[in-house]
Amino acid sequence: MKLNNAALKYESKLDLRETEVAIKKTKDFFESNLAEALDLTRVSAPIFVKGGKGINDDLAGNERIVSFDALDVENERIEIVQSLAKWKRMALKRYGFSQGEGLYTDMNAIRRDETLDNLHSLYVDQWDWEKVISRKQRNVNTLRVTVEKIYDVIKKSEIFLAKLYPVLNPTLPKEISFISSQELEDLYSDLSPKEREDKITKRFGAVFITQIGHELRSGQRHDSRSPDYDDWNLNGDLLLWYPPLERAIEITSMGIRVDEKTLLEQLKLADQEQRTQLEYHQTLLNKELPYTIGGGIGQSRLCMFLLQKIHIGEVQVSVWNEETIEDCLKRNIHLL
């Protein structure tokens, strides 16, 4: 692990038992306040789905999905979900949610190709949420207002925990800043996308970077995005500056979802037009699904930030390689 000088002298502000209690308190508080802020109802969600339907999230498109067959489900490949971006939109229709209403759920996934470090694990846990909007609400203002509501819940959670555990000092700024990926490239053209994220987030403390997926004027993308859930003109990542690691932490990736027009445009740009024949994509192209906004908020990432840990393994149980385990022992990092 590459840690800064402060992290080399790390000592957790909460012991193991305090940490486990604090994780539960953090999740309960954030979850209930998020549901209230966005008018969301909690629903059950799948751990796996049938393959070949277009329902599973392809993420950046190059991650290998964990799949298996089952004794009593013949001729079907079953896939561990990578996120629930598409499933949620179908669920909103099936459950009869109206405009302004939404759902959230616990999403648990396996990312087998993840490079393990302080922020990345094979195990992913998110609050996946999705909300019905009108076609007229498919705009930047809807995105911005929703981001601000989520950020407000994060700030409330930070204050709540500081009252419970005075050793946890609040660090977040009063407001979150917004910048597009192109504006960010123009500002720091000599830096890589990740370096730009660190630079701008350190400057403002909390930043939402918009419009992720399209090529920038440089010919490069800020980051890869699957072409069939977020509208690349109406999406983004919420980043928080994290002094213990001297870097930005992405807490959520979210956006207004594609309509039938942007789906076709983005599939063409990604050279993935064959996906239009999949069940999910046909349903969307036939205008059978509601227009929505949604995203996934990292549960372990948020707990790590709010409880001021320096390794994600301090707030979740996962599998680590021997190098990580030995390094954590040397640095007084207690993995769960």
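Looking at an unreviewed UniProt entry, the protein carries the name Aspartate--ammonia ligase, with the source organism given as Mesobacillus selenatarsenatis. On record in UniProt, under Pathway (unreviewed entry), the comment for the protein is "Amino-acid biosynthesis; L-asparagine biosynthesis; L-asparagine from L-aspartate (ammonia route): step 1/1." Per UniProt, the protein has the following entry under Sequence similarities (unreviewed entry): "Belongs to the class-II aminoacyl-tRNA synthetase family. AsnA subfamily."

Attention shifts here to the overall build of the protein. Of regular secondary structure, the protein possesses 10 helices and 11 strands. On C-alpha atoms alone, the protein measures out to a radius of gyration of 20 Å, which is about the 20 Å that the 2.2 N^0.38 rule sets for 336 residues. Overall, the C-alpha framework of the protein stretches about 55 × 50 × 40 Å when taken along its three principal axes. When the 336 residues of the protein are sorted by exposure, 52% land in the buried category. Long-range pairs, those at least 24 residues apart, make up 73% of the contacts in the protein with a sequence separation of at least 6. Summed over its atoms, the accessible surface of the protein is roughly 16100 Å², and 48% of this surface lies on carbon and sulfur atoms.

Our focus in this paragraph is the pattern of salt bridges. Summed over the entire model, instances satisfying the criterion amount to 23 salt bridges. Salt-bridge contacts for K88 lead to D128; the nearest nitrogen and oxygen are separated by 2.9 Å. Taken together, the residues span a long stretch of sequence, with K88 in helix α3 (residues 85-94) and D128 in strand β6 (residues 123-133) at a distance of 40 residues. Classification of K88 as buried rests on a relative accessible area of 0%.

Before going further, it helps to examine unusual backbone geometry. With a phi close to 60 degrees, Q211 is a non-glycine residue in the positive phi region. Position of Q211 relative to the elements: it lies in the loop between β8 (206-210) and β9 (230-242). On the accessibility criterion, Q211 (32% relative accessible area) is partly exposed. In this model, N332 sits at a positive phi of 65 degrees, which is unusual for a non-glycine residue. Along the chain, N332 turns up in the segment after α10 (322-330).

Here E101 is to be found in the loop between α3 and β5 (102-110). By relative accessible area, E101 is classed as partly exposed at 32%. Sequence spacing of E101 and R301 is 200 residues, and the spatial spacing of their C-alpha atoms is 26 Å. The residues contacting E101, other than those within four sequence positions of it, are D39, K131 and V132.

If you look at the biggest cluster of nonpolar residues, it comprises 51 residues, and the most contacted ones within it are W129, I150, I154, L238 and L240. Considering each element in turn, this core owes the most residues, seven residues, to helix α4 (residues 140-164). Those residues within four positions of L240 in sequence are excluded, and the remaining contacts are Y151, I154, L172, T201, G205, A206, R247, A248, I249, I251 and F305. Residues V43, W87, M107 and V132 belong to the second largest nonpolar core, which totals 13 residues.

Analysis parameters
Residues take numbers from 1 onward in each chain, read along the sequence in its written order. Only residues with pLDDT of at least 70 are given local features in this predicted model, and only at 80 or more are side-chain atom pairs given and counted; all residues enter the totals for whole chains, interfaces and linings. Heavy atoms throughout the structure, all of them, feed into the side-chain values; hydrogens and water do not. UniProt positions are given in the numbering used here, feature names are shortened, and annotations may be inferred rather than shown by experiment. Every helix listed is a DSSP run of H or I at least four residues long, and every strand listed is a run of E at least two residues long, numbered separately from the N terminus. Only C-alpha atoms enter the radius of gyration, while the globule expectation follows 2.2 Å times N to the 0.38, with N the number of residues. Categorising residues by exposure relies on relative accessible area from a 1.4 Å probe, with only protein chains included: less than 20% of the type maximum marks a residue as buried, more than 50% marks it as exposed, and the intermediate range marks it as partly exposed. Whether two residues touch is decided by their heavy atoms; if any such pair falls within 4.5 Å, the residues are in contact. Values of accessible area rely on a 1.4 Å probe in the Shrake-Rupley scheme; residue burial ignores everything except the protein chains shown. What counts as a salt bridge is simple: a side-chain nitrogen of Lys or Arg found within 4 Å of a carboxyl oxygen of Asp or Glu. Definition used in this section: a nonpolar core is a set of buried Ala, Val, Leu, Ile, Met, Phe, Trp, Tyr and Cys residues joined via side-chain atoms within 4.5 Å.

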